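One letter stands for each residue in the lines below.
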Amino acid sequence: MSAADASPTGRTLIGTVAGPGDGPNEFFVVTPDEQAVKTGEFLTYTVTVEGVERDVIARVTNREQERGLPDTFMADPNVAPETVAATLGVPTDDIDLYRLEATVIGFYDTRMQTFSNPRQLPRPGTRLYTAPDAMLEAVLPNLGVDGDDATDANGAVDLSQVDVTERDGLAHMGWLLNRETNAVDIHIPIDEFAATHLAILASTGSGKSYTAGVLMEEMMMADSRASLLVFDPHGEYDTLGEMRGNDRFAGDDGYQPEVTYFDPENLRIRISELSVGDVMSILDNLSDRMQERLDGGWRAMQRRDSRTWGIDDLMDEMRRQYDEDDSSVGALEWRLRRSIQRNDLFTTDANVALDELVAPGRCTVLQMDTLSRRDQQMIATVLLRRLYEARLAAVRDRGDDPNYDGEIIEHPLFSLFEEGHRFAPATGEAPSLGIMRTITSEGRKFGFGLGIISQRPSKIDQDVLSQCGTQVTMQIQNPTDQDAIKNSVEAAGEDVLRELPGLTPGQAVVSGDAMNTPVLIHVRERYTAPGGESIPATSRWRQAQQRRQDQPTRSESADMGGGESSGEEDLL
């Protein structure tokens, strides 16, 4: 059987079905070595379902040698395989046979716009072909291909005729890993992961931030024009500004993406925006009595019309409610002044307007690398709560309600969190965890999507992670993190988990709501320069040492007329 032996549609014949496998949807295929079919490859065969011929797609999950030359003959590396084959009288082009294990995915049902299991395995002797590139482009992602899209000139359904590049709102992530570069481009629908949330999970150095940058670029294209808010605790996305003025992102109507940056000087939290729970998470060692006093005073302040009150006003209110000499109030005052009043993050009046942060066609990056982890969490807590309430008000048409004086955001949002485990930790100690749980469980109804990027899935709150409907999973070798993915990611089957340790940087498994089946891809190149790359230590050391060698020491400078130095100064 040779590569030239192909079906009339140009699909390469690779082998025949040998028999059923261990599972109800598994079977074995025998193929000669020259086909070099890899694990993860997609095959197709034809069956008749309810009187209609269907092209069923299956995925290769394992590859083992079925027949080869005897080990005793192959033990001598000085003897060529062709010599051994001639000695045994075996044709040199028929030395090896391989046994492939494959799992049925199903045929694509254009009425249901998803895969349907035929509930029958191919019979022994059935011929298996490589699935056509165009077919895979159309049906692997969840693109909603219907009968009109796939009908050829004769009225027959032909999935190979679908051109997904004509559609708007798709993110080009890369190409199918087991095919030639760009042979099968993988586009995923932005609407799916923007609504049902996203997780990008990978070990350090595997390319998770790079991949996040690819998706952000795609979301800011003219056919999507996302409203995107990025929480960047390490300053890894300072190159996204290169999208400005880049013709690749331009629209025919003159659209160009906006990219704005907020540094810590622009990120301030108005004290009145905090909930009493936020404050309690900041303060240390609160007794039950102190919590009671704080709750009463804080709630009284929030009932006021003014939103520009501070710690002095709060203390006056608590002294009015309680005894002037109440020791709990005094202990609270010390904690409140130390943790809030003396922290530049909190103010009485500054409050960034939400329409400065989010707008269609705008990518806003919150650069928080100079802030403490707790301050980063507090910013996320308050902003997410304000954004969520503004979206909730818009969906419930409260803009015309005279009794509502809050903010309104009329368009959907998507927020992306680098180092997501610090904002939604498994330990439950971050003040931002509560609102993130709310958004991941209810945000779909209100057009508020959330993305988590992390190298430690086991450190992410499992409620948040399990609500991320689309997953991009890259190399992960830590067994604890693999278990976290298995337990929280519904689409992560055994075949997906087996791939994770062997992936190299830039390779990923994409699964979940945006895909009809998990797919192994190679991520495309960025259009903007990547950030967050490792610092080349050895070259920096050499450069620093050379500068140090070229610069005179203090004693040498004094000898050259730079002034005398005393022994005491030298010691200093």
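Calculation criteria
- Residues numbered from 1 in each chain as written.
- Predicted model: local features only at pLDDT ≥ 70, side-chain atom pairs only at ≥ 80, totals over all residues.
- Heavy atoms only, no water.
- Helix = DSSP H or I, 4+ residues; strand = E, 2+ residues; numbered from the N terminus.
- Buried < 20%, exposed > 50% of the residue type's maximum accessible area, 1.4 Å probe, protein only.
- Contact = heavy atoms within 4.5 Å.
- Areas by Shrake-Rupley, 256 points an atom, 1.4 Å probe, with all protein chains shown as cover.
- 1 Å grid on protein atoms, 1.4 Å probe; cavity = no way out; pocket = protein on both sides within 12 Å on 5 of 7 lines; lining within 4 Å.
- Points joined across faces, edges and corners; volume = space filled by probe spheres on them.
- Nonpolar A, V, L, I, M, F, W, Y, C, P; charged D, E, K, R; others polar.
- Axes fitted to C-alpha atoms, helices over the stretch in contact; angles between N-to-C directions.
- Parallel < 35°, antiparallel > 145°, perpendicular 65-115°, else oblique.
- Expected span 1.5 Å × (residues − 1).
- Salt bridge = Lys/Arg side-chain N within 4 Å of Asp/Glu carboxyl O.
- Phe/Tyr/Trp six-rings, centres within 6.5 Å; stacked < 30°, edge-to-face > 60°.
- Lys NZ or Arg CZ within 6 Å of the ring centre and 35° of its normal.
- pLDDT = per-residue confidence, 0-100.
- Pairing = 2+ DSSP bridges.

### Focus on the overall build of the protein
- Looking only at helices and strands, the protein features 20 helices and 20 strands.
- Scored against the burial criterion, the 572 residues of the protein give a buried share of 49%.
- Of the contacts formed within the protein by residues at least 6 apart in sequence, a portion of 70% connects residues at least 24 apart.
- Carbon together with sulfur atoms contributes 43% to the accessible area of the protein, which is approximately 27600 Å² in total.

### Description of empty space enclosed by the protein
- On inspection of all chains with the given rule, the structure shows one cavity of 30 Å³ or more.
- Asn 266, Leu 267, Arg 268, Ile 269, Arg 270, Asn 351, Val 352, Ile 379, Val 382, Leu 383 and Arg 386 are the residues that line the largest cavity.
- Secondary-structure elements contributing two or more residues to the lining of the largest cavity are strand E13 (269-270) and helix H12 (373-395).
- Looking at the lining of the largest cavity element by element, the count peaks at four residues for H12.
- Considered class by class, the residues forming the lining of the largest cavity number six nonpolar, two polar and three charged.

### Description of the side chain of Ser 206
- Counting through the fold element by element, Ser 206 comes out in the loop between strand E10 (198-201) and helix H6 (208-219).
- Setting aside anything within four residues of it in sequence, one finds Ser 206 in contact with Met 474, Gln 475, Pro 505 and Gly 506.

### With respect to the packing of helix H8 (residues 288-302) against helix H10 (residues 327-341)
- Contact geometry of H8 with H10 gives a least axis separation of 9 Å together with a crossing angle of 75°. As far as their axial angle goes, H10 and H8 are roughly perpendicular. Together, Arg 289, Met 290, Arg 293 and Leu 294 of H8 and Ser 328, Val 329, Ala 331, Leu 332, Arg 335 and Leu 336 of H10 make up the contact between the two elements.
- A class-by-class count of the residues in the contact of H8 with H10 yields six nonpolar, one polar and three charged.

### Quick word on H8
- When the terminal C-alpha atoms of H8 are compared, their 21 Å separation across 15 residues agrees well with the 21 Å that a helix rising 1.5 Å per residue should span.
- Restricting attention to buried positions, one finds in H8 the residues Met 290, Arg 293, Leu 294, Gly 296, Gly 297, Trp 298, Ala 300 and Met 301.
- Buried-residue contacts for H8 involve helix H7 (276-282), helix H9 (311-321) and H10.

### A few points about unusual backbone geometry
- For Asn 182, which is not glycine, the phi dihedral falls at a positive 70°.
- Position of Asn 182 relative to the elements: it lies in the loop between strand E8 (170-176) and strand E9 (185-189).
- With a phi close to 75°, His 197 is a non-glycine residue in the positive phi region.
- Taking the relative accessible area as the measure of exposure, His 197 reaches 1% and is therefore buried.

### Considerations on the pattern of salt bridges
- In this structure the tally under the stated criterion is 27 salt bridges.
- For the salt bridge of Glu 258 with Arg 362, the shortest nitrogen-to-oxygen distance reads 3.2 Å. One end of the pair, Glu 258, is in strand E12 (residues 258-262); the other, Arg 362, is in strand E15 (residues 362-367), and 104 residues separate them in sequence.
- Residue Asp 326 pairs with Arg 289 through a salt bridge whose shortest N-O separation is 3.8 Å. Of this pair, Asp 326 sits in the loop between H9 and H10 while Arg 289 is found in helix H8, placing the two residues 37 residues apart along the sequence.
- With a relative accessible area of 9%, Asp 326 lands in the buried category.
- Of the residues examined, Arg 289 reaches a relative accessible area of 44% and is grouped as partly exposed.
- Taken together, the shared-partner salt bridges in this structure form one network comprising Asp 312, Asp 316, Arg 319, Glu 333 and Arg 337.

### Some details on the packing of aromatic side chains
- Scanning the entire structure with this criterion turns up nine aromatic pairs.
- Each ring, one from Tyr 108 and one from Phe 115, has its centre 5.9 Å from the other, and the planes form 85°; the classification is edge-to-face.
- Among the aromatic residues, those joined into a cluster by ring pairs are Phe 231, Phe 417 and Phe 423.
- Cation over ring: Arg 99 sits above Phe 28, and NZ or CZ is 3.9 Å from the ring centre.

### Quick look at the confidence of the model for the protein
- Residue-level pLDDT values for the protein average 85, and 85% of them are 70 or greater.
- Low pLDDT, under 50, characterises residues 1-8; the stretch is placed with 20 contacts to residues that sit more than four places away or in other chains.
- Ignoring residues within four places in sequence, the model shows residues 564-572, a span with pLDDT below 50, making four contacts including any to other chains.

### Remarks on the sheet that holds E15
- Strand order in the open sheet made by the eleven strands is E9-E8-E20-E19-E18-E10-E17-E16-E11-E15-E12, with mixed pairing throughout. What marks the edges here is a single partner per strand, and that holds for E9 and E12. The mean angle between the axes of side-by-side strands here comes to 25°, regardless of whether they run parallel or antiparallel.
- Packing against the sheet, helix H14 (residues 433-446) makes contact with strand E16 (413-417) and strand E17 (448-454), and its axis sits at approximately 140° to E17.

### Concerning the environment of Pro 412
- In this fold, Pro 412 is placed in the loop between H12 and E16.
- Separated by 217 residues in sequence, Pro 412 and Ala 195 place their C-alpha atoms 8.9 Å apart.
- Filtering out sequence-adjacent residues up to four positions away, Pro 412 remains in contact with Ser 227, Arg 391 and Gly 447.

### Concerning the layout of surface pockets
- Here the largest pocket is characterised by a volume of approximately 610 Å³.
- Lining the largest pocket are 20 residues, and of these Glu 273, Arg 307, Glu 389, Asp 405 and Gly 406 sit closest to its centre.
- With six residues, the top contributor of residues to the lining of the largest pocket is H12.
- Of the residues assigned to the lining of the largest pocket, the class counts are five nonpolar, four polar and eleven charged.

### Focus: the pairing of strand E7 (residues 127-130)
- When strand E1 (residues 13-20) meets E7, the two strands line up antiparallel, connected through three bridges. By the bridge assignment, Gly 15 is partnered in E7 with Leu 128.
- As paired elements, strand E3 (residues 42-49) and E7 share two bridges and run antiparallel to each other. Following the sheet pairing, Thr 44 is matched in E7 by Tyr 129.

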